[in-house]
Every structure is written in C-alpha cells, then in structure tokens.
Amino acid sequence: MGPIMEYEEKIKQANTIFQNLADEVTHIMLDINNPEHTSPKFLLPWIEEDAENAIKALELSPEDERIYLQRINNLLGEYSDNPPYKIS
C-alpha cells in the first residue's frame, strides 16, 4: 500500500472516530431520564479526550488533524473542555 493509500485509510479512520463520537454524544444528550448528578453528560470530557487522542495517534497532516479536532470541539460545544482550535 502506497503512502497516499495509507493516508486515505487514516482519513477514513478519522471519519469513523468522529462518527462514533457523534453517535455516542447524541445518545447521551437524548438520555433524559437520569437525575442531573448521575447524568452521563459528565462522561463527555473523557469521551472527548479519547476521540482527540485517537485522532492525534493517526498522525495526520497538521491541517487535517486541526480539522478533526475542531469538528470534535464543535460537536461538544458548551460541554467541550477545550477551547476552539485556531490556525497557527
């Protein structure tokens, strides 16, 4: 497999990581039967960190990594523990 094919596979993995995160966050946000002190929403910072670390482990180009990290931040919005990413 050539470098371009390997990178395309990394992009597919990044998309899968983000989609899995989006599915899990959607499930948590729609779970309205829990009292606030036991709400699964308190898991969001850990889920966010896991997804970010998985994206970083792919060793994408700095621009692609920033795009995926920003997508994660945008998805979690006010529940994100991280500030929005800026272009350096």
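Just so you know, these numbers come straight off a predicted model, no measurement behind them. (Residues numbered from 1 in each chain as written. Predicted model: local features only at pLDDT ≥ 70, side-chain atom pairs only at ≥ 80, totals over all residues. Heavy atoms only, no water.)

Asker: With reference to specific residues and values, describe the packing of helix α2 (residues 44–57) against helix α3 (residues 62–76).
Answerer: Axis angle and axis distance: for two packed helices, these are the angle between their axes and the distance between the axes, and together they describe the pair. Following both chains from N to C, one finds α2 and α3 inclined at 165°, their axes separated by 10 Å at the closest point. The angle between the axes of α2 and α3 places the two elements in the roughly antiparallel class. Handedness of the α2/α3 crossing: right-handed. Two secondary-structure elements touch here, α2 through Leu44, Glu48, Ala51, Glu52, Ile55 and Lys56 and α3 through Glu65, Tyr68, Leu69, Ile72 and Leu76. Grouping the constituent residues of the contact of α2 with α3 by class yields seven nonpolar, no polar and four charged. (Axes fitted to C-alpha atoms, helices over the stretch in contact; angles between N-to-C directions. Helix = DSSP H or I, 4+ residues; strand = E, 2+ residues; numbered from the N terminus. Parallel < 35°, antiparallel > 145°, perpendicular 65-115°, else oblique. Left-handed = near helix turned anticlockwise from the far one by under 90°. Contact = heavy atoms within 4.5 Å. Nonpolar A, V, L, I, M, F, W, Y, C, P; charged D, E, K, R; others polar.)

Asker: Which residues make up the environment of Ser39, and what values go with them?
Answerer: Mapped onto the elements, Ser39 comes out in the loop between α1 (3–30) and α2. For the pair Ser39 and Ile28, spaced 11 residues apart in the sequence, the C-alpha separation amounts to 8.4 Å.

Asker: How would you summarise the packing of aromatic side chains if you had to cite specific residues and measurements?
Answerer: Centre-to-centre distance and the angle between the planes together describe a pair of aromatic rings. By the definition in use, this model includes zero aromatic pairs. The ring of Phe18 carries the charged tip of Arg71 above its face, separated from the ring centre by 4.1 Å. (Phe/Tyr/Trp six-rings, centres within 6.5 Å; stacked < 30°, edge-to-face > 60°. Lys NZ or Arg CZ within 6 Å of the ring centre and 35° of its normal.)

Asker: Now, about α3: what can you tell me, with residues and values included?
Answerer: For an α-helix, 3.6 residues make a turn, and residues three or four places apart therefore share a direction. Counted at 1.5 Å a residue, the expected span for α3 with its 15 residues is 21 Å, and the 21 Å between its end C-alpha atoms agrees. Burial in α3 covers these residues: Arg66, Tyr68, Leu69, Gln70, Ile72, Asn73 and Leu76. In the core, the buried residues of α3 are packed alongside α1 and α2. Looking at the residues trailing α3, positive phi occurs at Gly77, about 50°. (Expected span 1.5 Å × (residues − 1). Buried < 20%, exposed > 50% of the residue type's maximum accessible area, 1.4 Å probe, protein only.)

Asker: Kindly report on unusual backbone geometry, identifying the contributing residues and their values.
Answerer: With a phi close to 55°, Glu59 is a non-glycine residue in the positive phi region. Within the fold, Glu59 resides in the loop between α2 and α3.

Asker: With reference to specific residues and values, describe the packing of α1 against α2.
Answerer: Relative orientation of the contacting elements α1 and α2 amounts to 175°, with a least axis distance of 10 Å. One finds that α1 runs roughly antiparallel with respect to α2. On α2, the residues that touch Ala14, Ile17, Leu21, Glu24, Val25, Ile28 and Met29 of α1 are Leu44, Ile47, Ala51, Ala54 and Ile55. Taken together, the residues of the contact of α1 with α2 break down into 11 nonpolar, no polar and one charged.

Asker: Just give me the short version of the nonpolar core, but keep the residues and values in it.
Answerer: In terms of nonpolar packing, the biggest core is built from 15 residues, with Ala14, Leu21, Ile55, Leu60 and Ile72 touching the most fellow members. Sorting the residues of this core by element identifies α1, α2 and α3 as the ones contributing at least two each. The dominant element in this core, judged by the number of residues it contributes, is α1, at five residues. What Ala14 contacts, discounting residues up to four positions off in sequence, is Ile55, Leu58, Leu60 and Tyr68. (Core = buried A, V, L, I, M, F, W, Y, C linked by side-chain atoms within 4.5 Å.)

On their own, these measurements won't tell you what the molecule is for.
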